[in-house]
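Examination of the molecular architecture
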Amino acid sequence: MAISLYCTISSQPADSDSQPIAVGSNEPNSDDAGHTLDEASGHQPRRALCDFLLFRSDGCGQERTQSVARLTITAALALVLAAAMWAGQPSPTLRALLAMTGGFGLFALGWHLFVTRWPDRWPGRQLVVLLLDLAAVGIAIWLAGTAGIGFYPLILWIIVGNGIRFGPRRLFLATAAGVPVFALALVANGVAAAMPAVCAALVVGLMALPRFMHLTLVRMAATNRELKRQKDQAEYLARHDTLTGLPNRHMLSQRLEHAIARARRNGTRLAVLFLDLD
């Protein structure tokens, strides 16, 4: 003889017409006690500073966090150049790089204010700022001469960062634009002629690393989806009878604990309706 169990938990004032909580429902309970306490305490998960500055940041908008990263990197570069000028004999190249960095910093600040004030108004502006970022780094590499190779991480950040923020198509587009900019800058400042093997290796790396990053992210996403599916299945089996698919005592205990906690918090009464069918 099969045994089916359905429970309804009602937590409400005597004069309230609110709907009871159905323990047998598969829908998530929006009044979950733990979730409510987290919201009441203002608790939010923390993100690593590197993740916020260089990669994704939910809730703030990808353009805005990208603009924050641009401001941070530009400010750090300006400090390094200023320290180099203060520590040694200022050269015309160093002065030009510092002036260019300062001008680009003003642009980065204005762009940050712009995307903060008018988010998601014109998707094409992402392409415009991508080209401006690449052009600025390309000019810096050309001005710096042999030391311009040190700007290689910035080119890589622009390419990979756009891909991680805006998807594979933007990754391929940034690679297609960034590799020629880097190569032409090395040719223009004479570094390619002086160190052809090194420059060739850097260009190949600039083409290969974003592709490798893309494949890695695709595989990680597939793995995460599979892990989520297995986790959801395990949670379902933990709360439901494997034979009938009905909620089991574990789900009853969870929902009852949440209802009791809510009743205590709101000062309401609690009623449980139990039906045992043999």
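Nothing here was measured: the structure is a model prediction, and the numbers come from that model.

Of the regular secondary structure elements, the protein holds 10 helices and 3 strands. Order of helices (α) and strands (β) in the protein, N terminus to C terminus: β-β-α-α-α-α-α-α-α-α-α-α-β. Within the protein, contacts between residues at least 6 apart in sequence are counted, and of these 66% link residues at least 24 apart. A total accessible area of about 17200 Å² is found for the protein, and carbon and sulfur atoms account for 65% of it.

Glancing now at a nonpolar patch on the surface. On the surface, Trp122, Val128 and Leu132 cluster together into a nonpolar patch covering about 280 Å² of accessible area. With respect to the secondary-structure elements, tryptophan 122 resides in the loop between helix H4 (92–117) and helix H5 (124–144).

Okay, the nonpolar core next. With 31 residues, the main nonpolar core has Val137, Ile141, Phe151, Ile155, Phe182, Leu186 and Leu206 as its most contacted residues. Of all the secondary-structure elements, those providing two or more residues to this core are helix H3 (62–87), H4, H5, helix H6 (152–166), helix H7 (168–188) and helix H9 (196–239). Top element by residues in this core is H7. It accounts for 7 residues. Once you skip the residues sitting within four places of it in the chain, phenylalanine 182 turns out to touch Ile141, Tyr152, Ile155, Leu202, Val203 and Leu206.

What follows deals with the packing of aromatic side chains. Tallied over the entire structure, the rule returns 5 aromatic pairs. For the pair phenylalanine 104 and phenylalanine 107, a centre-to-centre distance of 5.4 Å together with 45° between the ring planes defines the contact as tilted. Remark: phenylalanine 107 and phenylalanine 104 occur in helix H4; sequence separation between them is 3 residues, near one turn of the helix. Take phenylalanine 104: its relative accessible area is 18%, and that puts it in the buried class. Between tryptophan 111 and phenylalanine 114, the ring centres sit 5.6 Å apart and the planes meet at 50°, which makes this aromatic pair tilted. Of this pair, tryptophan 111 and phenylalanine 114 are both found in helix H4, 3 residues apart, which corresponds to roughly one turn of the helix. Three or more aromatic residues link up through ring pairs in this structure, and these residues are Phe104, Phe107, Trp111, Phe114 and Trp118.

In a packed pair of helices, the relevant descriptors are the angle between the two axes and the axis-to-axis distance. Where H7 meets H9, the axes come as close as 10 Å, and the angle between the chain directions of the two elements is 175°. It follows that H7 is roughly antiparallel to H9 by the angle criterion. Two secondary-structure elements touch here, H7 through Pro168, Leu171, Phe172, Thr175, Gly178, Val179, Phe182, Ala183 and Leu186 and H9 through Cys199, Leu202, Val203, Leu206, Met207, Pro210, Arg211 and His214. Class assignment of the residues belonging to the contact of H7 with H9 gives a composition of 13 nonpolar, 3 polar and 1 charged.

Another aspect to go through is the packing of H6 against H7. Following both chains from N to C, one finds H6 and H7 inclined at 165°, their axes separated by 6 Å at the closest point. By the angle class used here, H6 and H7 are roughly antiparallel. Considering how the two elements wind past one another, H6 and H7 form a crossing that is right-handed. Facing Tyr152, Ile155, Ile158, Ile159, Val160, Asn162, Gly163 and Phe166 of H6, the residues of H7 in contact are Pro168, Arg170, Leu171, Ala174, Thr175, Gly178 and Phe182. Of the residues in the contact of H6 with H7, the class split is 10 nonpolar, 4 polar and 1 charged.

With 78% of its residues at a pLDDT of at least 70, the protein reaches an overall mean of 79. This stretch, residues 16–45, has a pLDDT under 50; its non-local contacts, to residues over four places away or in other chains, come to 37 contacts.

What counts and how
- Residues numbered from 1 in each chain as written.
- Predicted model: local features only at pLDDT ≥ 70, side-chain atom pairs only at ≥ 80, totals over all residues.
- Heavy atoms only, no water.
- Helix = DSSP H or I, 4+ residues; strand = E, 2+ residues; numbered from the N terminus.
- Contact = heavy atoms within 4.5 Å.
- Areas by Shrake-Rupley, 256 points an atom, 1.4 Å probe, with all protein chains shown as cover.
- Patch = residues over 30% accessible without salt bridge, like charges linked within 9 Å, V, L, I, M, F, W, Y side chains within 5 Å.
- Salt bridge = Lys/Arg side-chain N within 4 Å of Asp/Glu carboxyl O.
- Core = buried A, V, L, I, M, F, W, Y, C linked by side-chain atoms within 4.5 Å.
- Buried < 20%, exposed > 50% of the residue type's maximum accessible area, 1.4 Å probe, protein only.
- Phe/Tyr/Trp six-rings, centres within 6.5 Å; stacked < 30°, edge-to-face > 60°.
- Axes fitted to C-alpha atoms, helices over the stretch in contact; angles between N-to-C directions.
- Parallel < 35°, antiparallel > 145°, perpendicular 65-115°, else oblique.
- Nonpolar A, V, L, I, M, F, W, Y, C, P; charged D, E, K, R; others polar.
- Left-handed = near helix turned anticlockwise from the far one by under 90°.
- pLDDT = per-residue confidence, 0-100.

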